[in-house]
Amino acid sequence: AWRPLDTGPGPSARRRASAVRDALSDRLLLFGGDDGALHSDLWSLDLDTPAWTPLTPAGTPPSARLGAATVYDPLSHSLWLFGGYAGVYSASLHQLTLDPLEWWDLSPTGAAPSGRVGHSAVRDSRQNRMIVIGAEAVLEGPAVFEVKDAMRQAVKFGRCSVHVGPGAEGFSVE
């Protein structure tokens, strides 16, 4: 059953923040969002206590935005963040390593997908990639980010198409 949590002080009430569960540390990570102003802050909710803590990672955080998609990657113990609305529809890709806590601005090879907001993303653990699909403002189909290693050495954009109808097998990567 659902029950309210008394978390004490934390981030401002906001809409369209990005959140992901860090399974290794049993916490919820919250980035950005909008409370009348766009934010680029990062918060951690310890799921045991529960209490909020503001985090100040090294590196340059993504610009303030709302509606980005995030996934957790247990192999690199990191968060991946794509897109969102930051005054314009963003197509930027960022990685937040969680140990040590540091932001990385990634520049994948290949043709970048269009900027988007309100999209969804999942981590494909079998092929070590992030699949992004949908959006409120998108000019093309789904996108795939293939991660060749955990050291940001070979991240590339790809395209995928969705097969719909009898005998459909889901995504195929181009």
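The shown structure was predicted, so the numbers you read here are calculated from the model rather than taken from an experiment. Sequence order as written defines the numbering, with residues in each chain counted from 1. pLDDT decides what is reported in this predicted model: residues at 70 or higher carry local features, side-chain atom pairs at 80 or more are listed and counted, and totals for whole chains, interfaces and linings draw on all residues regardless. Where side-chain values are given, they derive from all heavy atoms of the structure, hydrogens and water being excluded.

### Concerning the sheet that holds strand β6 (residues 78–82)
Here's step 1: Two strands pair under a simple rule: DSSP has to find at least two bridges between them. Working definition: helices are DSSP H or I runs of at least four residues, strands are E runs of at least two. Numbering for both runs from the N terminus. Here four strands make up an open sheet; going across it, the order is β5-β6-β7-β8 and the pairing antiparallel. In this open sheet, the two edge strands, each paired with only one partner strand, are β5 (69–73) and β8 (101–106). Strand-to-strand twist of the sheet, defined as the mean angle between neighbouring strand axes without regard to direction, takes the value 20°.
Here's step 2: Inspection of the sheet shows strand β7 (residues 93–98) paired to β8 by six bridges, in the antiparallel sense. In the sheet register, Leu-98 faces β8, and the bridge partner there is Leu-101. Helix axes use the C-alpha atoms of the stretch in contact, all axes being lines fitted to C-alpha atoms, and the angles between their N-to-C directions lie in the range 0 to 180 degrees.

### Regarding the packing of aromatic side chains
Here's step 1: Whether two aromatic rings pair depends on their centres lying within 6.5 Å, for rings of Phe, Tyr and Trp, where Trp uses its six-membered ring; planes under 30 degrees apart make the pair stacked, over 60 edge-to-face, and the rest tilted. Summed over the entire model, instances satisfying the criterion amount to three aromatic pairs.
Here's step 2: On the basis of an interplanar angle of 65° and a centroid distance of 5.5 Å, the ring pair of Phe-31 and Trp-103 is categorised as edge-to-face. Taken together, the residues Phe-31 in strand β2 (residues 27–34) and Trp-103 in strand β8 connect sequence positions 72 residues apart.

### Regarding the sheet that holds β2
Here's step 1: Pairing in this open sheet of four strands is antiparallel, and the strands run β1-β2-β3-β4 from one edge to the other. The outermost strands of the open sheet, each flanked by one partner alone, are β1 (18–22) and β4 (51–55). Across this sheet, the average inter-strand angle for adjacent strands is 25°, counted without regard to direction.
Here's step 2: Sheet topology note: the strand β3 (residues 38–46)/β4 ladder contains five bridges and is antiparallel. Across the sheet, Asp-46 pairs through a bridge with Ala-51, a residue of β4.

### Considering the nonpolar core
Here's step 1: For our purposes a nonpolar core is just a set of buried Ala, Val, Leu, Ile, Met, Phe, Trp, Tyr and Cys residues, chained together by side-chain atoms within 4.5 Å. Burial classes follow relative accessibility: with a 1.4 Å probe on protein chains only, a residue under 20% of its type's maximum area counts as buried, one over 50% as exposed, and anything between as partly exposed. Ranked by size, the top nonpolar core spans 12 residues in total: Val-20, Leu-29, Phe-31, Leu-42, Leu-55, Ala-68, Tyr-72, Leu-79, Leu-81, Leu-96, Leu-98 and Trp-103.
Here's step 2: Residue assignment for this core shows that the elements contributing at least two residues are β2, β6 and β7.
Here's step 3: Whether two residues are in contact is decided by their heavy atoms, any of which lying within 4.5 Å being enough. When neighbours within four sequence positions are excluded, Leu-98 is seen to be in contact with Asp-22, Arg-27, Leu-29, Tyr-72, His-77, Ser-78 and Leu-79.
Here's step 4: Judged by nonpolar contacts, the second largest core, of nine residues, contains Ala-69, Phe-82, Leu-106 and Met-130.

### A look at the pattern of salt bridges
Here's step 1: Any carboxyl oxygen of Asp or Glu within 4 Å of a side-chain nitrogen of Lys or Arg constitutes a salt bridge here. Tallied over the full model, the rule gives five salt bridges.
Here's step 2: The partner of Asp-41 in a salt bridge is Arg-14, and the shortest N-O contact between them spans 2.6 Å. One end of the pair, Asp-41, is in strand β3; the other, Arg-14, is in the segment before β1, with 27 residues separating them in the sequence.
Here's step 3: A relative accessible area of 24% means that Asp-41 is categorised as partly exposed.
Here's step 4: Where Asp-26 meets Arg-21, a salt bridge forms, and the shortest distance between an N and an O atom there is 3.0 Å.

### As for the confidence of the model for the protein chain
Here's step 1: What pLDDT expresses is the predictor's confidence in each residue, scored from 0 to 100. When pLDDT is averaged along the protein chain, the result is 81, and 77% of the positions lie at 70 or above.
Here's step 2: The low-confidence segment residues 148–154 (pLDDT under 50) makes 10 contacts with residues lying over four places distant or belonging to another chain.
Here's step 3: Across residues 159–174, confidence stays below pLDDT 50; counting only partners more than four residues off in sequence or on other chains, it has 33 contacts.

### Brief notes about a nonpolar patch on the surface
Here's step 1: By definition, no residue in a patch forms a salt bridge, and every one has over 30% relative accessible area; like charges are joined within 9 Å, nonpolar side chains (Val, Leu, Ile, Met, Phe, Trp, Tyr) within 5 Å. Only the protein chains shown count as cover for residues, and all accessible areas are computed by the Shrake-Rupley method using a 1.4 Å probe. Side chains of Leu-38, Tyr-85 and Tyr-89 sit close together on the surface and give an oily, nonpolar patch of about 260 Å² of accessible area.
Here's step 2: For Tyr-89, the position within the fold is in the loop between β6 and β7.
Here's step 3: Since its relative accessible area comes to 44%, Tyr-89 is described here as partly exposed.

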